[in-house]
Amino acid sequence: MPSSQTKSSDFTYELWLEEDMDHNSRVLEAPSLEVDGTVDGAVDHKNDPAKISSSGSWKSTYFIIGMAVVERFAFKGIETNLISYLSGRLGESTAVAAANVNMWAGIATLMPLLGASVADSYLGEYRTIVLSSLLYILGLGLLAFSVQLSSGSSPVQLQVVFFFFSLYLVAIGQGGLKPCLQAFGADQFDQENEEERKAKSSFFNWWYFGLAGGVTISILVLSYIQDNVSWSLGFGIPCFLMVLGLLLFLTGAGTYRYSIKNDERSPFVRIGRVFVASAKNWRSITPTSEEEVAQGDIPHQQGSYQFNFLNKALILPRGSEENKKACSINDVEEAKAVLRLFPIWFTCLGYGIMSAQPSTLFTKQATTLDRSIGPSFHMTAASLQVFRSLTVLILIPVYDRIFVPIASSFTRKQSGITMLQRIGTGIFLFILTMVFAALVELKRLKTAEQYQLLDMPKATLPMRAWWLVPQFIFFGISDLFTSVGMQEFFCDQFPSELRSVGLSLCSMITGLGNLLSSFLISMIGKVTSGNGGDDGWFSDNLNRAHLDYFYWLLAGLTTLELVVFLFFAKSYIYNRSTI
């Protein structure tokens, strides 16, 4: 090999990667995927190597998906009709109630980052799931109890404080449960086994199918009980079912695969150290000799040549302490993999803003419309959200069993289309959704004006609630592409020891979107309201409001988001061969 002094730094780094690739190619020639019928990097409940035949795969994920269905039933049972409780029993205005719902939903979807960090660094996914479930159950129980604190028609301050305390306790519990449960489910499939790798891609579809089923039942049953029977019962049923869900999850403990760490150091420490070392060595040139770096064996990846400034973390400055080590190539590659994800993550925030609308403004629109079915039955405004989840329930089997095989025959990809293509398709469909929602809202306002009901906010407009159904259906179709695509993308593309964090970042998109939606509503409401505060875009009198303007604004922002997303998606390099 020529002297390193005659080679450029990038070429030297390329040679190291080629050597690592050759090394790994030789290793893969041996039967490394399966040793004595066991899965590499996983153990069973007895701490023995996990056997392929008796652990993991679909036999384990049934218990995990069952727990996830119950959790979504409980969470949506609260979220779906929360705006009705706040604006009804607690007497909040429409704008304040919508802002509080968005704030709580936003924080609830930000908490998974904390839960995932604890799981990946300290407790592990399984222990975090169990402890978070217990906290979740406690919050649900206290929430049901808080309803009993009411005295008379107006809420007392103690009830309001206790209610929000319980509500945010639920948010903390689901913050640990949600990302770890899905990551734990994905860990039941061996990425190095071709059959299980294909099943893992299908797992995300059926995972979302199960969640949609839980949401559908929750909306149909709990929203009716809360509006027509009892809020205590409506909040108590989720608590009872969460207890059953936890017992179901524990029942499957003997079939699970439990991942073991290959490195005792926290993945956050390893990756964070790369950025710190690169910053310290920013004046140095990229290392040019093997003696200056800590060598590591990693598979060759195209993305290795991106973000070359992080290669400076490979340098061990002369004169350093003897026991001090430079970052390994594997650590640098993990840092690069994480860094590549953030432009995609940022351009998906518009989806989070979209996702806040069905449970808030769409539901408030429905309260003004004719929701009668037959001469005596009236569906609740929140129950219209069932069409979103029903759409997912109907189309996921079609997508998984029909669309994917057909698309695969053209693209030669196991998943039919790439994960980023799936996400981009969903974002485009969200634009169409908001355009349709704006047109329907314009018709609703014209109906109120036509029948001289502009100043009668509690009157039911002579317009059927079925007009809102298409926008909920469009939302469901968009979710099928965007939401499922994001979950698979952030789980697959993050380093294996940080899958829970990857999924929590996916949840953060929805969380920050809710917070941004709350911010937009508050700011636009202040700017557009007059002296009386009743003629803004979000007036308490929806017949005088202009939700259509807000929907047009969201359609425009999402169009801009799609353009930026396509720019970054086009240059994104996947860090695995399976896309």
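So, a few notes on the structure that sits alongside this text. Every chain is numbered on its own, with residues counted from 1 as its sequence reads. A pLDDT threshold of at least 70 governs which residues receive local features in this predicted model, and a stricter bar of 80 or more applies before side-chain atom pairs are shown or counted, although totals over entire chains, interfaces and linings include all residues. Hydrogens are left out, water is left out, and the side-chain values use all remaining heavy atoms of the structure.

**Notes on the overall build of the protein**
Test applied: Helix numbering and strand numbering both begin at the N terminus, where a helix is a DSSP run of H or I of at least 4 residues and a strand a DSSP run of E of at least 2. Here's how the labels work: a residue is buried when its accessible area is under 20% of the maximum for its type, exposed when over 50%, partly exposed in between, all with a 1.4 Å probe on protein chains only. Here, two residues are considered to be in contact whenever any of their heavy atoms come within 4.5 Å of each other. What sets the accessible areas is the Shrake-Rupley method with a 1.4 Å probe; for residues, cover comes only from the shown protein chains.
For the protein, the count of helices and strands is 17 helices and five strands. When burial is assessed residue by residue, the protein has 56% of its 579 residues classed as buried. Within the protein, residue pairs in contact and separated by at least 24 positions form 81% of the contacts whose partners lie at least 6 positions apart. Total accessible area on the protein stands at roughly 25,100 Å², and carbon and sulfur atoms take up 63% of it.

**Some thoughts on the side chain of Ser232**
By secondary structure assignment, the location of Ser232 is in helix α8 (residues 231-251). The buried category is assigned to Ser232, whose relative accessible area is 15%.

**With respect to the side chain of Gln182**
Inspection of the secondary structure assignment puts Gln182 in helix α6 (residues 157-186). Given a relative accessible area of 6%, Gln182 falls into the buried group. The residues touching Gln182, leaving out its near neighbours within four places in the chain, are Phe203, Phe204, Trp207, Gln487 and Leu503.

**Thoughts on the state of the cysteines**
Disulfide: a covalent bond connecting the sulfur atoms of a pair of cysteines. For clarity, the cut-off: Any two cysteine sulfur atoms within 2.5 Å of one another count as a disulfide.
The full count for this structure, using the stated rule, is zero disulfides. Free cysteine Cys506: the closest other cysteine sulfur is in Cys348, separated by 8.1 Å. Under the relative-accessibility criterion, Cys506 is labelled buried at 7%.

**What about the pattern of salt bridges?**
Put simply, the rule reads: By salt bridge we mean one thing: a side-chain nitrogen of Lys or Arg within 4 Å of a carboxyl oxygen of Asp or Glu.
Here the structure, examined in full by the defined rule, presents seven salt bridges. Among the salt bridges present, the one from Asp400 reaches Arg401, with a minimum N-O distance of 3.6 Å.

By themselves these figures say nothing about function.
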